[in-house]
Amino acid sequence: MTHRVANQTEWAVAHAALVAEEKALTLATDRVAALRRQMPWRREQQDYHFVTPDGPAGLGDLFDGRRQLIVYHHMLGANDPSPCPGCGILVDQLPHPAHLHARDTTLTLVSTAPLAEIEAFKARMGWTLPWVETTDRFGLDHGMGARGPGFSVYIKDVGAIYHTYSTTGRGTEGATSVWGLLDMTPMGRQENWQDAPAWVPQSPPYQWWRLHDEYPRQA
């Protein structure tokens with residue numbers, strides 16, 4: 001293998017140039033997240049039906065008492081002989097939900113597989129995030145294929161549910177951290193450095209961060 005080798009001075013110059021590009025990319029990502037928060041919302045005109053470990057549920061129930069909902073459309077189907085490895089890699093990277101709960105946000109997975117098959121595969125993978133059964137129509141109505149994959153984002157406001165954003169394909173790659181997930185939502189990280197609509201509650205960065213077992217119980 002051959003690759004260019006530099007002395008310390010040359011390496012430092014090259015590294016500084018790369019860091020400048022990385023910083024520009026971070027700022028561009030912030031601008032895109034701000035545009036996402038300014039997106040118009042689409043009001044949900046029907047309630048979808050889900051099967052959960054606690055029984056039948058509607059879309060509003062998936063919020064679990066929080067204002068925002070992020071749904072990952074996992075491609076697990078009925079009698080699936082080869083569950084999607086891409087979905088598996090993505091879900092392996094998803095963060096502890098307590099950090100999202102602290103920002104009034106719930107994350108759940110949905111699939112068209114029967115709930116019993118979802119529960120069995122969930123146990124095999126060692127995953128603990130909520131995961132419920134849905135129908136082809138739910139994915140198709142929210143910019144997915146019948147089974148996914150992709151993320152959809154929702155918010156409750158004055159009793160109504162709104163679809164605010166969806167992404168598929170490589171758009172899911174940057175959304176597997178706390179920050180990437182929150183950046184998809186209408187309220188974002190809710191930190192006072194971000195460009196957000198006036199109604200979004202915001203607080204200083206870092207101050208709300210906790211170890212995942214130290215957040216107030218109501219979060």
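Scroll up for the structure.
Summarised in this report is the structure supplied together with it. Treat the numbers as computed from the prediction; the structure is a model and nothing was measured. Counting restarts for each chain, with residues numbered from 1 along the sequence as it is written. Per-residue local features are limited, in this predicted model, to residues with pLDDT of at least 70; the limit for side-chain atom pairs, both in listing and counting, is 80 or more; totals at the level of whole chains, interfaces and linings are taken over all residues. The side-chain values count all of the structure's non-hydrogen atoms but skip hydrogen atoms and water molecules.

**Quick notes on helix 2 (residues 85–93)**
- Within helix 2 the residues assigned to the buried category are Cys87, Gly88, Leu90 and Val91. Summarising the axial view, the buried residues of helix 2 lie within an arc of 165°, below the 170-degree limit, and thus occupy one face. Structural note: helix 2 exposes Pro85, Ile89 and Asp92 on the side pointing more than 90 degrees away from its buried face.
- Any two residues whose heavy atoms approach within 4.5 Å are treated as being in contact. The way it works is that DSSP assigns letters per residue, a run of H or I at least four long becomes a helix, a run of E at least two long becomes a strand, and they are numbered from the N terminus. Check the buried side of helix 2 and you find it contacts strand 4 (68–73), strand 5 (105–111) and strand 7 (150–157). The rule is simple: take the accessible area with a 1.4 Å probe, protein chains only, and divide by the maximum for that residue type; under 20% is buried, over 50% is exposed, in between is partly exposed. The directions considered for the arc run from the helix axis to the C-beta atoms.

**Here we look at empty space enclosed by the protein**
- A 1.4 Å probe that fits into a set of points on a 1 Å grid over the protein atoms alone but cannot get out defines a cavity; an open set with protein on both sides within 12 Å along at least five of seven lines defines a pocket, and lining residues are those with an atom within 4 Å of a point. Grid points are joined across faces, edges and corners, and a volume is the space filled by probe spheres set on the points. Scanning the model with the defined rule gives one cavity of 30 Å³ or more in all.
- One number sums up the size of the largest cavity: a volume of about 30 Å³.
- Here the lining of the largest cavity is composed, by residue class, of two nonpolar, six polar and one charged. Basically, the charged four are Asp, Glu, Lys and Arg, the nonpolar ten are Ala, Val, Leu, Ile, Met, Phe, Trp, Tyr, Cys and Pro, and anything else, Gly included, counts as polar.

**Observations concerning helix 1 (residues 8–37)**
- How far a helix is expected to stretch is found by multiplying one less than its residue total by 1.5 Å. Look at helix 1: 43 Å from first C-alpha to last across 30 residues, which is about the 44 Å you get at 1.5 Å a residue.
- Listed as buried for helix 1 are Ala33, Ala34, Arg36 and Arg37.
- Buried residues belonging to helix 1 abut strand 8 (160–167) and helix 6 (178–183).

**A look at the layout of surface pockets**
- Space inside the largest pocket adds up to approximately 330 Å³.
- What lines the largest pocket is a set of 18 residues, among which Thr29, Arg36, Gly174, Gly180 and Asp183 lie closest to the centre.
- Among the secondary structure elements, those contributing two or more residues to the lining of the largest pocket are helix 1, strand 8 and helix 6.
- Top contributing element to the lining of the largest pocket by residue count: helix 1, with eight residues.
- Grouping the amino acids of the lining of the largest pocket by side-chain chemistry returns seven nonpolar, six polar and five charged.
- Here the second largest pocket defines a volume of roughly 270 Å³.
- Forming the boundary of the second largest pocket are 17 residues, of which Asp54, Asp61, Leu62, Asp64 and Pro130 lie nearest the centre.
- For the lining of the second largest pocket, the elements supplying multiple residues, two or more each, are strand 3 (55–58), helix 3 (97–101) and strand 5.
- Of the residues contributing to the lining of the second largest pocket, the split by class is eight nonpolar, five polar and four charged.

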